[in-house]
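# Coordinate analysis (summary)
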Amino acid sequence: MSLKTCLALSFVFIYSIVFSQQSKSTSARLVVNINQNWQFSKDEKAKGYDQLKYTNVNIPHTWNAFDVLDDEPGYYRGVGYYKKKLNLKPEWKGKKIYLDFGAANQETSVYLNGKKVGSHIGGYTGFTVALDQLKFDGKDEVVVKVDNSHNESIPPLTGDFTFFGGMYRNVSLVVVNQAHFADETYGTTGIYVHADEVSSERATLNVNTNWVNPYSFINEILVTTTLIDAKSNKVGESKWLSSKNPSINTNFSLPKIEVKNPILWSPENPYLYRVITRLTDQKTGKILDEVKTNIGFRHFSFDAEKGFFLNGKSVKLIGASRHQDFAKMGNAVPSALQVKDVELLKEMGGNFLRVAHYPQDQAVLDACDRLGILTSVEIPIVNEITETEAFYNNCKAMQLEMIKQNYNHTSVIIWAYMNEVLLKMRYGKEPERKKIYLKSIENLAQNLEDLTRKTDPTRYTMMSNHGDVTGYTNAGLVKIPMIVGWNLYQGWYGGKSEDFGPALDRIHAAMPDKPLIVTEYGADVDPRIHADNPIRFDKSLAYGMKYHQIYIKDILTRPFIAGAAAWNLSDFSSETRSETMPSINNKGLLTLERQPKNTYFLYKAQFSKNPYIKIGDGSWKVRGGITPKQELTVISNLDSVSVTVNGKAQGKRAVVDGVASWSVDFKSGKNEVEAIAYKNGKTFKDQSTIDFVLQPQALLNSSASLNILLGSQRQFIDDKNQIWLPSKAHEQNSWGHIGGEPFKIKNSSRQLYGSDKNIIGTQNDPIYQTQLVGIDVYELAVPKGKYEVTLHFAELMGNGIQSVLPYNLDSLVAEGKEVPPQRVFDVYLNNKLVVKALNIAAKYGIARSVERKFECIVSDDKGIKLAFKSIAGKPVLNALQVKKLN
């Protein structure tokens, strides 16, 4: 068939549910979940599984759920052993029994009663192992060795995500008759279904099967496929009868089933039929095996000028990419929580999920089929490759496993195989060697492209590239896939958000024959950080909102953009990252705990078809300021919204790009806010309670401490729900600093103030990531009384513990090359020496939180005065707290 990009591909895709968590056993096929009661041990000293001390665990399990979150760089990448005695029923004797693994990361060996019976390479696809030497004596034991060590032969080699180790997806026993459906090479049931010539008038259903009949166990086999609709009405049937004494392994296609007037699957109506495929002993009529498969009929195409079409209608693909980990679970996440992610995507109005950067739990795509979410799925060739046959072969095996295991999912429309493969360029200083390396990447990409089109000609192919358009074009990579994905971050890693639209236009002009998807875009949003004047890399909610508003508008106004996937659906673990929330990439629309951020509400307002209204900054329930006036936003898809605060009307505002704003006078304490809108005679409303801390009044009446960030332009809410305000220059009869400049990383075009170092010894890194350098005095005009004064220090110059990621796509000079200055100073509190000859770097090290607490009595009208006296270098102060004791 022709592979021109505008060709309408007509087919159906089906999800075989037998090996999934949601599958149900039949009389002929039994699927037994064995997640419970395993024993586990790390093998850090290579003792071997029989010399280790084990603890009880349940599957899914990872040994990296917590060590990726500590302050110590790195996490355990090595061997872990799992073992379990199997509870086998006597009636299973004579059956074929498989161990079915959802996935284990990343090299796995399986032993039965001390003998190796199977192995698998790759951490993100499933696999099965036949248990052919069971004793049925009550002592059959399975031992599984899993190794997530770095291996140059196995992708991913590097990445902005954590490579959790362990048996982190479901494990089952599959019990079948000796004659059964299976494709053991790829860990599937062996049932592959698609349809041709799909339209609203007709469709042709094709069923390909693989079955096993060892020793010609059954003399003559009948294979039957029945298609039923959602109401269990029979739609069509196909049969095939084998010859006498059929071969051990058989692959064949059943006669096609003609379907009249199929109900077409779509995001609005994700209608699923079911295919029931049976293996029957022709002589006795006994059903030997049965596989049930959900199917959806639809046809689609991509056009380089007009975008994406589903069932003949233009559809803009809008959604997000997704990593699979969850807070305090790592990647060992129950299926129900993974399904909830898809439900949250659907709820926000999304119709597209980029499953990135690796195949994920079958439950995810099962939910996409059911909910009407179109998907792309990819293998984890990320950043770079290794130029060896072993690496190439593992890539090809992963691609085949991905396609075979997910072939039957209605939702999948794209297979992908590389992400930002030129980002971590090798041989940068060896031009001739670099040419060879680039040619190796091109050859691998072409081989994977050819393999994918041959294996599944019914879907499109895609490669996702970072913003180096010239580099990917010159490397010959743009011409290979059917769709080119671009990961674009104008306004984040460099430039301005307003540069995004023009960049899209230039890319389209350079390759007008290629369909284009924006496969990544995003800005870090730490939900604890807020800014009145947001700037790039301040991690504030306000900047994230502005960024996404611009990107959404530019995507929607360009028909040639087939779709876009925000990076990312939720925050995710990236152990090598530092920044305001170390080891976490904060670009998610949801937090790692799946709490929505304002950016999620923005997408819901833009793309949900139901009327929607939400008081913005939903997580910002504690606010503060030195004046009561602050901006309040409402996110909505209605034309206009009215707001009342504490019963006082604030007026009606038009909604622009999903947001309406008011300048509101909050009172100190709790404020009741209500937003109201009307449409077609119906009222829509949202309510919120906001606790406002007005300073310095809150300090003076002892209701709250005054918490000040030096050298900062943002607010921060700490883990005690305390609000921290940015400092200001001193004013008479008020408070503020005298002297000093905000700390700034030298030669960085990225951050205008502060550092992104991981601060050791605290969960509240933003308190210590900014500072005033060269401060002379800090004064606070407070009345007489007893106060507690807390000084917070951290040395930000010098070699911190983080590694430099390639994702910081600017000219940032690695902070690790900076030598900490000789900084020694005294601190006086109301003329009393309280800190003598402080040398932060020498005494505490680099990027470590230091807290010094003092009490003082103010007995006159001079208030509190902190004086910083240099002995060598410039004094610094990162943060300050003042609390009235009486």
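So, here's what we can say about the structure. Keep in mind it's a predicted model, so treat the numbers as computed, not measured.

### Some details on the overall build of the chain
- Counting secondary structure elements, the chain contains 11 helices and 55 strands.
- Computed over its C-alpha atoms, the radius of gyration of the chain comes to 30 Å, within 12% of the 29 Å expected for a compact globule of 886 residues.
- Its C-alpha atoms give the chain principal-axis dimensions of roughly 105 × 70 × 60 Å.
- Expressed as a percentage of the 886 residues in the chain, the buried residues total 62%.
- Total accessible area on the chain stands at roughly 34100 Å², and carbon and sulfur atoms take up 49% of it.
- For the chain, the centre of its 106 positive side-chain charges and the centre of its 93 negative side-chain charges are spaced 2 Å apart.

### Quick notes on empty space enclosed by the protein
- Summed over the entire model, instances satisfying the criterion amount to 6 cavities of 30 Å³ or more.
- Approximately 70 Å³ is the volume attributed to the second largest cavity.
- Lining the second largest cavity are Asn 105, Tyr 124, Phe 161, Thr 162, Phe 163, Phe 164, His 323, Gln 324, Asp 325, Asn 331, Tyr 358 and Ser 573.
- Its residues assigned to classes, the lining of the second largest cavity shows 5 nonpolar, 6 polar and 1 charged.

### Considering the environment of Glu 498
- Within the element layout of this structure, Glu 498 appears in the loop between β28 (483–487) and α6 (500–510).
- Once residues lying within four places of it in the same chain are set aside, the contact partners of Glu 498 are Lys 546 and Ile 550.

### Focus on the sheet that holds strand β52 (residues 850–858)
- Across the sheet, which stays open at both edges, the 7 strands sit in the order β30-β43-β44-β42-β55-β49-β52 with mixed pairing between neighbours. The sheet is open, and its two edges are formed by β30 (529–530) and β52, each paired on a single side.
- Bridging between strand β42 (residues 706–709) and strand β44 (residues 723–726) involves 2 bridges; their strand directions are parallel. When the sheet's bridge partners are listed, Ile 708 is paired in β44 with Leu 725.

### Thoughts on the layout of surface pockets
- Its boundaries defined by the atoms lining it, the largest pocket holds a volume of some 730 Å³.
- In terms of residue class, the lining of the largest pocket is made up of 10 nonpolar, 8 polar and 10 charged.

### Focus: the sheet that holds strand β45 (residues 735–738)
- Spatial ordering of the open sheet is given by β45-β48-β53-β50-β51, a layout of 5 strands whose pairing is antiparallel. In this open sheet, the two strands that pair with only one neighbour each are β45 and β51 (832–838). Averaged over all pairs of adjacent strands, the angle between their axes in this sheet comes to 10°, without regard to strand direction.
- Here 4 bridges tie strand β50 (residues 824–829) to β51, and the two strands are oriented antiparallel to one another. Its bridge partner being in β51, Phe 825 is matched across the sheet by Leu 838.

### What about unusual backbone geometry?
- Cis peptide bonds are those with omega within 30 degrees of zero, and the linkage from Asn 105 to Gln 106 qualifies with 0°.
- Considering the arrangement of structural elements, one finds Gln 106 in the loop between β6 (96–101) and β7 (107–112).
- Backbone torsion omega between Gln 695 and Pro 696 reads 10°, so that peptide bond is classified as cis.
- Look at Ser 583: it is not a glycine, yet its phi comes out positive at around 70°.

### Describing α6
- What α6 keeps buried is the set Phe 500, Gly 501, Ala 503, Leu 504, Ile 507 and His 508. Down the axis of α6, the smallest arc covering the buried residues is 160°, so these residues share one side. Turned more than 90 degrees away from the buried face of α6, the exposed residues are Arg 506, Ala 509 and Ala 510.
- On the buried face of α6, the contacting elements are α5 (469–474), β28, β29 (516–520), α7 (541–556) and β31 (561–566).

### Focus: the nonpolar core
- Formed by 102 residues in total, the largest nonpolar core has its most connected members in Leu 477 and Trp 486.
- The element that contributes the greatest number of residues to this core is α7, accounting for 7 residues.
- Ignoring anything within four residues of it in the chain, the contact list for Leu 477 reads Val 421, Leu 422, Ile 441, Glu 442, Ala 445, Met 463 and Tyr 472.
- Within the second largest apolar cluster, 48 residues are counted, among which are Leu 699, Leu 772, Phe 825 and Val 834.

### Here's the deal with the packing of aromatic side chains
- Per the counting criterion, the structure on display carries 32 aromatic pairs.
- Seen from their ring centres, Tyr 273 and Phe 297 are 5.0 Å apart, and the 85° between their planes marks the pair as edge-to-face. Here the residue Tyr 273 occupies a position in strand β19 (residues 273–281), and Phe 297 occupies one in strand β20 (residues 287–303), the gap between them amounting to 24 residues. As far as the burial class goes, Tyr 273 and Phe 297 line up, both buried.

### Focus: the pairing of β29
- When you tally the buried positions in β29, you get 5 out of 5 residues, the bulk of the element.
- As judged from the 4 bridges shared by β28 and β29, these two strands associate in the parallel manner. Residue Trp 486 lies in a different strand from β29, and its bridge partner there is Val 518.
- Note on the crossover from β28 through α6 to β29: the handedness is right-handed.
- Inspection of the sheet shows β29 paired to β31 by 3 bridges, in the parallel sense. Looking across to β31, one finds that Ile 517 is bridged to Gly 563.

### A few points about the pattern of salt bridges
- Here the structure, examined in full by the defined rule, presents 38 salt bridges.
- Between Glu 237 and Lys 234 there is a salt bridge, and its shortest N-O distance comes to 3.4 Å.
- Take Glu 237: its relative accessible area is 35%, and that puts it in the partly exposed class.
- What makes Lys 234 exposed here is its relative accessible area of 55%.
- Residues Glu 432 and Lys 435 are paired through a salt bridge, measuring 3.5 Å at the closest nitrogen-oxygen approach. Taken together, the positions of Glu 432 and Lys 435, both in helix α4 (residues 431–455) and 3 residues apart, correspond to about one turn of that helix.
- Through salt bridges that share partners, Asp 160, Asp 524, Lys 539, Arg 577, Glu 579 and Lys 587 make up one connected network.

### Examining the packing of helix α1 (residues 335–347) against helix α2 (residues 362–371)
- Running from amino to carboxyl end, α1 crosses α2 at an angle of 35°, the nearest separation of the two axes being 9 Å. As α1 runs across α2, the sense of the crossing is right-handed. On α2, the residues that touch Ser 335, Gln 338, Val 339, Val 342, Glu 343 and Lys 346 of α1 are Ala 363, Val 364, Ala 367, Cys 368, Arg 370 and Leu 371.
- Looking at the contact of α1 with α2 residue by residue, the classes come out as 7 nonpolar, 2 polar and 3 charged.

### Re the side chain of His 323
- Structurally, His 323 can be placed in the loop between β23 (317–322) and α1.
- Accessibility expressed as a relative area gives 0% for His 323, which makes it buried.
- Side-chain polar atoms of His 323 contact the side chain of Tyr 358, separated by 2.8 Å.
- Setting aside anything within four residues of it in sequence, one finds His 323 in contact with Phe 161, Ala 356, His 357, Tyr 358, Gln 360, Trp 567, Asn 568, Phe 572 and Arg 594.

Calculation rules
- Residues numbered from 1 in each chain as written.
- Predicted model: local features only at pLDDT ≥ 70, side-chain atom pairs only at ≥ 80, totals over all residues.
- Heavy atoms only, no water.
- Helix = DSSP H or I, 4+ residues; strand = E, 2+ residues; numbered from the N terminus.
- Rg over C-alpha atoms; globule rule 2.2 N^0.38 Å.
- Buried < 20%, exposed > 50% of the residue type's maximum accessible area, 1.4 Å probe, protein only.
- Areas by Shrake-Rupley, 256 points an atom, 1.4 Å probe, with all protein chains shown as cover.
- Lys, Arg positive; Asp, Glu negative; His and termini not counted.
- Charge placed at Lys NZ, Arg CZ, Asp CG, Glu CD.
- 1 Å grid on protein atoms, 1.4 Å probe; cavity = no way out; pocket = protein on both sides within 12 Å on 5 of 7 lines; lining within 4 Å.
- Points joined across faces, edges and corners; volume = space filled by probe spheres on them.
- Nonpolar A, V, L, I, M, F, W, Y, C, P; charged D, E, K, R; others polar.
- Contact = heavy atoms within 4.5 Å.
- Pairing = 2+ DSSP bridges.
- Axes fitted to C-alpha atoms, helices over the stretch in contact; angles between N-to-C directions.
- Arc of directions from axis to C-beta.
- Core = buried A, V, L, I, M, F, W, Y, C linked by side-chain atoms within 4.5 Å.
- Phe/Tyr/Trp six-rings, centres within 6.5 Å; stacked < 30°, edge-to-face > 60°.
- Right-handed = clockwise from strand over helix to strand, strands pointing away.
- Salt bridge = Lys/Arg side-chain N within 4 Å of Asp/Glu carboxyl O.
- Left-handed = near helix turned anticlockwise from the far one by under 90°.
- Polar contact = N/O pair within 3.5 Å; in protein donor to acceptor, adjacent residues only side chain to side chain.

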